[in-house]
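# Descriptive analysis of the structure
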Amino acid sequence: MKKVGFFSFTCCEGCIIVFLELLNKKYFEYLKKMKIENFRQIKTSEKIKKLDIAFVEGAISTESEIRKLKEIREKSKLLVALGSAAVNGYPSNQRNNFSKNKKQEIQKLIKKFHQLKSVEPLKSFVKVDDEIPGCPVDEALLSKKIDSYLK
Ligand code: SF4
C-alpha cells in the first residue's frame, strides 16, 4: 500500500479535479493500492506525512510555498509535477511576461500578498522525479502514470 499526498500551489486546481474524475473508474482499485495521507480538498489536516508519492500541482509564487514544497520533497520518495503549471510554470506565471508598466501597476498587490518577483515551476526549487504535462493533465495519461507508480 503506497502512501500518497496531493498538494496544490498557485493554480486553478484543475489537475486535482481530473484525478477526482478518474476515481469514478479507479476508486476501488486505488482503495487497495494507495492510502491518501494528504489531500487538502477532501481532508482537514494539512500536516505533511511521510509519503511514497507526492503529486504536486501549481507553480510557486511565495516564500511560504517554497518552504512547503521543500518539506514535501524531504518527506516524499517520489515527487511528481502534476500539470503544466507545476512542470513549466504556465499559465500561472503569466505575470512574469507583463510589460514594465504593467509590472509597476501590480507592484502593490505583489507586496500585499507577499508574492515572489516571478512565478516559477517546481524544478526551480526542488528535484522533480517525474512530470505529467497538460493544462489540465490528460486523464488517460494520468491513469497510466499512476498505474506505473503503484506497481
Ligand atoms: S496545469 Fe492548468 S489545469 Fe492544471 S492546475 Fe495548473 S492551471 Fe489548473
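Bear in mind that the values here come from a model prediction, so they are computed numbers and not experimental data.

## Observations concerning the side chain of Glu37
- Structurally, Glu37 can be placed in strand β2 (residues 34-39).
- Among residues more than four places away in sequence, those in contact with Glu37 are Lys3, Val4, Lys43, Lys49 and Leu51.

## Points about the site of the ligand
- Of all residues adjacent to the ligand, which total 13 residues, the nearest are Cys12, Cys15, Glu57, Ala85 and Cys135.
- Of all the secondary structure elements, the ones that give two or more residues to the shell around the ligand are α1 (14-33) and α3 (84-88).
- Each residue belonging to the shell around the ligand can be placed in one class, and the counts come to seven nonpolar, four polar and two charged.

## Observations concerning the packing of aromatic side chains
- All chains considered together, the criterion is met by seven aromatic pairs.
- Centroid distance Phe55 to Tyr149: 5.9 Å. Interplanar angle 50 degrees. Geometry classified as tilted. On the criterion of sequence distance, the pair formed by Phe55 in strand β3 (residues 51-57) and Tyr149 in helix α6 (residues 139-150) is long-range, its members being 94 residues apart. The residues Phe55 and Tyr149 share a single accessibility class, namely buried.
- Grouped by ring-pair contacts, the aromatic residues Phe6, Phe19, Tyr30, Phe39, Phe55 and Tyr149 constitute a single cluster.

## A short note on unusual backbone geometry
- Geometrically, the link from Tyr90 to Pro91 is a cis peptide bond, its omega value of 10 degrees lying close to zero.
- With respect to the helices, strands and loops of the structure, Pro91 is situated in the loop between α3 and α4 (100-105).
- Following Cys135, the chain continues to Pro136 via a peptide bond in cis, the omega torsion being 0 degrees.
- Tracing the backbone shows Pro136 in the loop between β7 (130-132) and α6.
- For Glu13, which is not glycine, the phi dihedral falls at a positive 65 degrees.
- Glu13 sits in the partly exposed class, given a relative accessible area of 23%.
- In this structure, His114 is a non-glycine residue whose phi angle is positive, near 50 degrees.
- For His114, the location among the structural elements is in the loop between α5 (107-112) and β6 (115-120).

Rules used in this analysis
- Residues numbered from 1 in each chain as written.
- Predicted model: local features only at pLDDT ≥ 70, side-chain atom pairs only at ≥ 80, totals over all residues.
- Heavy atoms only, no water.
- Helix = DSSP H or I, 4+ residues; strand = E, 2+ residues; numbered from the N terminus.
- Contact = heavy atoms within 4.5 Å.
- Near = heavy atom within 4 Å.
- Nonpolar A, V, L, I, M, F, W, Y, C, P; charged D, E, K, R; others polar.
- Phe/Tyr/Trp six-rings, centres within 6.5 Å; stacked < 30°, edge-to-face > 60°.
- Buried < 20%, exposed > 50% of the residue type's maximum accessible area, 1.4 Å probe, protein only.

Keep in mind these values describe shape, not function.
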